[in-house]
Amino acid sequence: MFKKKIINDPIYGFITIPDGIIFRLIEHPWFQRLRRIEQLGVTHLVYPGARHTRFHHTLGAMHLMHKAIETLRSKGIEITEKEEESAKLAILLHDIGHGPLSHNLEHSIVHHIKHEDMSSIFMERLNKEFDGELSLAIKIFRNKYHKKFLHQLVSSQLDVDRLDYLTRDTFFTGVSEGVVGYDRIINMLHVAGGNLVVEAKGIYSIEKFIIARRIMYWQVYLHKTVLSAMELVMNILSRAKEIAANGGELFCTPALRVFIYNNFNKKDFEKRKELLHYFAMLDDNDVMSCIKVWINHPDYVLSTLCDWLINRRLYSTYLQKNPFPPQKIKQLINAAKNKYKLSNEDVSYFVFSGEVENAIYKKSEARPSNTGEHINILYPDGKIIDITKASDYPGAEELDVITHKYFLCYPKGL
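Residues numbered from 1 in each chain as written. Predicted model: local features only at pLDDT ≥ 70, side-chain atom pairs only at ≥ 80, totals over all residues. Heavy atoms only, no water.

## Concerning the overall build of the chain
So, step 1. The helix and strand inventory of the chain stands at 18 helices and nine strands.
So, step 2. Taking 22 Å as the expected radius of gyration for a compact globule of 414 residues, we find that the chain reaches 23 Å, a close match to that expectation.
So, step 3. Dimensions along the principal axes, computed over C-alpha positions, put the chain at roughly 70 × 55 × 35 Å.
So, step 4. The proportion of buried residues among the 414 residues of the chain is 56%.
So, step 5. In the structure as shown, the chain presents an accessible area of about 18500 Å², 51% of it carried by carbon and sulfur atoms.
So, step 6. Each charge class in the chain can be summarised by its mean position, and for the 54 positive and 49 negative side chains these summaries are 3 Å apart. (Helix = DSSP H or I, 4+ residues; strand = E, 2+ residues; numbered from the N terminus. Rg over C-alpha atoms; globule rule 2.2 N^0.38 Å. Buried < 20%, exposed > 50% of the residue type's maximum accessible area, 1.4 Å probe, protein only. Areas by Shrake-Rupley, 256 points an atom, 1.4 Å probe, with all protein chains shown as cover. Lys, Arg positive; Asp, Glu negative; His and termini not counted. Charge placed at Lys NZ, Arg CZ, Asp CG, Glu CD.)

## Thoughts on the side chain of Ser316
So, step 1. Residue position: Ser316 is located in strand E5 (residues 316–320).
So, step 2. Ignoring anything within four residues of it in the chain, the contact list for Ser316 reads Leu408, Cys409, Tyr410, Pro411 and Lys412. (Contact = heavy atoms within 4.5 Å.)

## A short note on the packing of aromatic side chains
So, step 1. In the structure shown here, the tally under the stated rule is 17 aromatic pairs.
So, step 2. Relative to Phe279, the ring of Phe122 has its centre 6.2 Å away and its plane inclined at 50 degrees; by these criteria the two rings are tilted. With Phe122 in helix H5 (residues 115–129) and Phe279 in helix H14 (residues 273–281), this residue pair connects regions lying 157 residues apart in the sequence.
So, step 3. The exposure class assigned to Phe122 is buried, which follows from its relative accessible area of 1%.
So, step 4. Note on Phe269 and Phe279: the rings are 6.0 Å apart at their centroids and 90 degrees apart in plane angle, and the pair reads as edge-to-face. In this pair, Phe269 is assigned in helix H13 (residues 266–271) and Phe279 in helix H14, connecting sequence segments ten residues apart.
So, step 5. Directly above the ring of Phe55 sits Arg35, whose terminal nitrogen or CZ lies 3.9 Å from the centroid. (Phe/Tyr/Trp six-rings, centres within 6.5 Å; stacked < 30°, edge-to-face > 60°. Lys NZ or Arg CZ within 6 Å of the ring centre and 35° of its normal.)

## Some details on the packing of helix H8 (residues 160–173) against helix H10 (residues 203–221)
Relative orientation and spacing of two packed helices are given, respectively, by the angle between their axes and the distance between those axes.
So, step 1. Where H8 contacts H10, the axes come no closer than 11 Å and their chain directions differ by 50 degrees. Classed by the angle they form, the pair H8 and H10 counts as oblique. Like other packed secondary-structure pairs, H8 and H10 cross with a definite hand, here left-handed. In this structure, H8 contributes Arg162, Leu163, Tyr165, Leu166, Asp169, Thr170 and Thr173 to the contact, and H10 contributes Phe209, Arg213, Met216, Tyr217, Val220 and Tyr221. (Axes fitted to C-alpha atoms, helices over the stretch in contact; angles between N-to-C directions. Parallel < 35°, antiparallel > 145°, perpendicular 65-115°, else oblique. Left-handed = near helix turned anticlockwise from the far one by under 90°.)

## Focus on the nonpolar core
So, step 1. Among the nonpolar cores identified, the biggest contains 142 residues, and Ile236, Phe269 and Trp294 are the most heavily contacted of them.
So, step 2. Looking at this core, the element that brings in the most residues is helix H11 (residues 224–245), giving eleven residues.
So, step 3. If near-sequence neighbours (up to four positions away) are discounted, Ile236 is found in contact with Ile291, Trp294, Leu302, Leu305, Cys306 and Leu309. (Core = buried A, V, L, I, M, F, W, Y, C linked by side-chain atoms within 4.5 Å.)

## Some remarks on the side chain of Asp299
So, step 1. Among the structural elements, Asp299 can be located in the loop between helix H15 (284–294) and helix H16 (300–310).
So, step 2. Of the polar contacts made by the side chain of Asp299, one reaches the backbone nitrogen of Leu302; its length is 2.8 Å.
So, step 3. When near neighbours in sequence (up to four residues on either side) are disregarded, Asp299 contacts Arg239 and Ile243. (Polar contact = N/O pair within 3.5 Å; in protein donor to acceptor, adjacent residues only side chain to side chain.)

## Considerations on the sheet that holds strand E3 (residues 189–192)
So, step 1. Taking strand neighbours across the sheet as the criterion, the four strands line up as E3-E4-E7-E8 in an open arrangement whose pairing is mixed. Both edges of this open sheet fall to E3 and strand E8 (384–386), since each of them pairs with a single strand only. Each adjacent strand pair in this sheet contributes to an overall mean axis angle of 45 degrees, direction not counted.
So, step 2. Pairing between strand E4 (residues 195–199) and strand E7 (residues 376–378): two bridges, direction parallel. By the bridge assignment for E7, Glu199 is matched with Leu378.
So, step 3. Against the sheet, helix H3 (residues 54–74) engages E3 and E4, with an angle of about 60 degrees to E3. (Pairing = 2+ DSSP bridges.)

Dropping the structure here:
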């Protein structure tokens, strides 16, 4: 008998999960782990409502994938039941490789390995466990399937991943400027030349989508206080790994200990199967539990940083268009060394500067327009034009400009 599960999502209402491989995958412990990983890391320290998880996001993205496929079929695009199922599996698994606290610790827990690479490794292992049922999903995820538009629905500059996270993050942070017309955009999707395009009627929704994404980056993802919290967490993990590398003892959960006391790269995960098992045990609870205990660690730097995070005494942070004068940074470094009795090496955990960028639309990095890397607008006469050329929005030609800003962090009251 055909069975289905219903989930009540706060964004879309009821989401249907069919019986079969999709339901069995969602029930898998590795996927259930996403319930314990915050979608926005420590952003809740700035926007208290931002406590939604990767689990929420992936189910929402799967729902939008279903809607997009329904739209394309209604316009005569042939998509088989197996292709639909595999596209849904690909979007469900696109974030399964995320480590604790979302992107914040992507390079702190492991060494030079992105979450997309980890997701790919998870998929290969799951495919063996599910007797090859994920093979087509993996092809779609890696853009190895001949129907390129299916991959573009999973990962492109206009995919269901972005449509869901913008919609969901806006809802939970309460930042209304980031609202996008996801339903209108999905209804305007089409395929031309094998690639995903947007019908000309949807051009204003795409303009809004690009601008909303820019706003969300500066107002949420790269908000100066969010940056402060992110940098604090990364400094804590960096200090913990430094102590471990020098033979110091740290309280760690079993899974986190494996990664604090070692530096593993992509090849290590491909060769040593047990590493994926330990990584799959890691979630936000491991990191935050250890940080709470490390408040009492004898290392002054580690204990101080952990106390600041747990009690939300974040760095003072400034964000501006131009680099900070070296003399200003030097003054703050000397002040921190005197106040906290720090060495030249340790003061870098207290005073530091860096750079962030906001690339809302990377047309300049895209390949020729028929590859699907652009957001292309389809006109009734069959003409296809990149959004930056098709839009009459003031400054449309500048949509692909990458904006750089510089930040400076130091202890409050310094």
